[in-house]
Amino acid sequence: MAMFKRFTLFSFFIFLICWSAAGQNLTVCSWNLRDFGQTKTDTQIAFIARILKDFDVVAIQEVVAGKAGPQAVARLADALNRTGSKWDYTVSHGTSGDKYSKERYAFLWKTGRITKIGDAWLEKKYNLEINREPYLARFQLGEKRFTFVTFHAVPKAKQPETEIRYLQYLPAEYPGDILVFCGDFNLSEAHSVFNPLKRGGYPAAFTKQKTSLRQKCIDGDCLSSAYDNFFYNQAKVNCISAGIVPFYSAFAEIREARKISDHVPVILKFSVN
């Protein structure tokens, strides 16, 4: 009996260690939700919520600039709140670009897991150089703080590298923050414009991972370009795993999946050192 008790206590101790370690890990999802506004039906919103419900933080790009954008985010938060956890959200003002490319960003997070610190903000320092300037928000998990920087670059035809080059300066702008960049960069992480960011200690979470959807699948391959990614502070952030959610596999035809989005969600699981 004494041996059984010792074994039980030891097992419980190991459980507490594992539980504590898991509690310090965070899983963030970044998703370009194409034209996220009133065109999304309640059924589509519910589907998106089912995809996102197991993450701790969600960064959304391509939220419609008009009032329909924040309304869609509120509908999504309501749908997430019906999945078993309490969620909160914040939506940016419209970005500074011309009316044809003006958008909003959004963050959603589980309030039982993390806390948002202060107000989120659009980065204005380079708003003349960047069409859709990044949106930043500080969060806290336990005693650890970190800052997400979500970004949607201009399309590849408009040379997104001319905007992305300014991201390398943000760590110096926020020296006290542990930055995690995420979003749709409309360029592969292999492009040389990311080299200064990488040399500064911000590697990509994954390489050669396609994230945009084709118009038509070719021999079962439904992904086109490696546009979405994370770049994280390697000195402070431990990347545990990264990948995508192939949500399109839930649809019989790719054109139906594209009504949800023409990008897949990308995921980063990490801990803060």
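What this report covers is the structure whose coordinates are included nearby. (Residues numbered from 1 in each chain as written. Predicted model: local features only at pLDDT ≥ 70, side-chain atom pairs only at ≥ 80, totals over all residues. Heavy atoms only, no water.)

### A short note on the overall build of the protein chain
Working step 1: Counting its secondary structure elements, the protein chain contains seven helices and 13 strands.
Working step 2: The C-alpha radius of gyration of the protein chain comes to 19 Å, within 12% of the 19 Å expected for a compact globule of 273 residues.
Working step 3: Per-residue burial for the protein chain yields a buried fraction of 50% across its 273 residues.
Working step 4: Summed over its atoms, the accessible surface of the protein chain is roughly 13,300 Å², and 53% of this surface lies on carbon and sulfur atoms.
Working step 5: Within the protein chain, one finds 36 positive and 26 negative side-chain charges whose respective centroids are separated by 4 Å. (Helix = DSSP H or I, 4+ residues; strand = E, 2+ residues; numbered from the N terminus. Rg over C-alpha atoms; globule rule 2.2 N^0.38 Å. Buried < 20%, exposed > 50% of the residue type's maximum accessible area, 1.4 Å probe, protein only. Areas by Shrake-Rupley, 256 points an atom, 1.4 Å probe, with all protein chains shown as cover. Lys, Arg positive; Asp, Glu negative; His and termini not counted. Charge placed at Lys NZ, Arg CZ, Asp CG, Glu CD.)

### Re the side chain of Glu123
Working step 1: Residue position: Glu123 is located in the loop between strand S5 (115–122) and strand S6 (135–141).
Working step 2: Despite its burial, Glu123 pairs with no opposite charge, the nearest such side chain being Lys125 at 6.9 Å.
Working step 3: At a separation of 2.9 Å, a polar atom in the side chain of Glu123 contacts the main-chain amide nitrogen of Lys125.
Working step 4: Beyond its immediate stretch of four places on either side in the chain, Glu123 contacts Glu133, Pro134, Leu136, Leu170 and Tyr174. (Salt bridge = Lys/Arg side-chain N within 4 Å of Asp/Glu carboxyl O. Polar contact = N/O pair within 3.5 Å; in protein donor to acceptor, adjacent residues only side chain to side chain. Contact = heavy atoms within 4.5 Å.)

### Comments concerning the layout of surface pockets
Once rolled over the atoms, a probe with the size of a water molecule shows which space is left empty.
Working step 1: The space that makes up the largest pocket amounts to roughly 230 Å³.
Working step 2: If you go around the largest pocket, you meet 17 residues; those closest to its centre are Asp184, Asn186, Tyr227, Asp262 and His263.
Working step 3: The residue inventory of the lining of the largest pocket, partitioned by class, reads three nonpolar, seven polar and seven charged. (1 Å grid on protein atoms, 1.4 Å probe; cavity = no way out; pocket = protein on both sides within 12 Å on 5 of 7 lines; lining within 4 Å. Points joined across faces, edges and corners; volume = space filled by probe spheres on them. Nonpolar A, V, L, I, M, F, W, Y, C, P; charged D, E, K, R; others polar.)

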